[in-house]
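# Overview (structure and organization)
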Amino acid sequence: MQMTQDRAETVGLTAVAWLAANDELLPVFMGSTGIDEAAIRENIADPTFHAAVLDFLLMDDAWVVRFCDESGLDYEVPGAAREALPGGGAVHWT
C-alpha cells in the first residue's frame, strides 16, 4: 500500500487522538513510555511522536483491529503509515 507523508501524518494524528480517548490503553502507553499528558499535548503535531504511537499500537493485533474498526480504516493502514513516518521502513525478518 502506498502512503503519502501527509496521509501518514493524518493517520498518526488519528492514532494519537484515539489513544488519548482510550481509558484502557492510554495508561499502558504512558506507563511504558514514561510520557505524561503535558508531553502528549506538546508533541501532538510531531510526526516522530505519531510514529511512536503507531509503534505502540502495532505491538498488538487486537489494538490494531480496534483502532481501525473505530476509525474506519483498513487494517493495513497503520503499518503503512508507520513505514512512511520518521524511522519507518519495512522490516523484513527473514
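Look up: the structure comes first, before these words.
An account of the accompanying structure is given in this report. Predicted, not measured: the structure shown is a model, and the values here were computed from it. (Residues numbered from 1 in each chain as written. Predicted model: local features only at pLDDT ≥ 70, side-chain atom pairs only at ≥ 80, totals over all residues. Heavy atoms only, no water.)

All right, on to the pattern of salt bridges then. Applying the stated rule across the entire model yields 2 salt bridges. Note that glutamate 24 and arginine 66 form a salt bridge whose closest N and O atoms lie 3.8 Å from each other. Taken as a pair, glutamate 24 in the loop between helix H1 (5-20) and helix H2 (25-33) and arginine 66 in helix H5 (residues 61-71) lie far apart in primary sequence, 42 residues in all. Residue classification places glutamate 24 among the exposed residues on the basis of a relative accessible area of 53%. The residue aspartate 55 makes a salt bridge to arginine 82 at a minimum N-O spacing of 2.6 Å. (Salt bridge = Lys/Arg side-chain N within 4 Å of Asp/Glu carboxyl O. Helix = DSSP H or I, 4+ residues; strand = E, 2+ residues; numbered from the N terminus. Buried < 20%, exposed > 50% of the residue type's maximum accessible area, 1.4 Å probe, protein only.)

Its location among the elements puts phenylalanine 29 in helix H2. Taking the relative accessible area as the measure of exposure, phenylalanine 29 reaches 2% and is therefore buried. Taking the C-alpha atoms as reference points, phenylalanine 29 and valine 53, 24 residues apart in sequence, are found 8.2 Å from one another. Those residues in contact with phenylalanine 29 that lie beyond four places of it in its chain are Leu19, Ile35, Phe49, Ala52, Val53 and Phe56. (Contact = heavy atoms within 4.5 Å.)

On to the environment of threonine 10. Mapped onto the secondary structure, threonine 10 falls in helix H1. When the C-alpha positions of threonine 10 and arginine 82 are compared, they lie 11 Å apart, and in sequence the two are 72 residues distant.

Moving on, we get to H1. Over its 16 residues, H1 extends 22 Å from the first C-alpha to the last, a length consistent with the 22 Å expected when each residue adds 1.5 Å. Three or more residues of H1 are buried, namely Ala8, Val11, Gly12, Ala15, Val16, Trp18 and Leu19. The buried residues of H1 occupy one face: seen down the axis, they fall within an arc of 165°. Tucked into the core, H1 has its buried residues touching H2, helix H4 (47-57), H5 and helix H6 (77-84). (Expected span 1.5 Å × (residues − 1). Arc of directions from axis to C-beta.)

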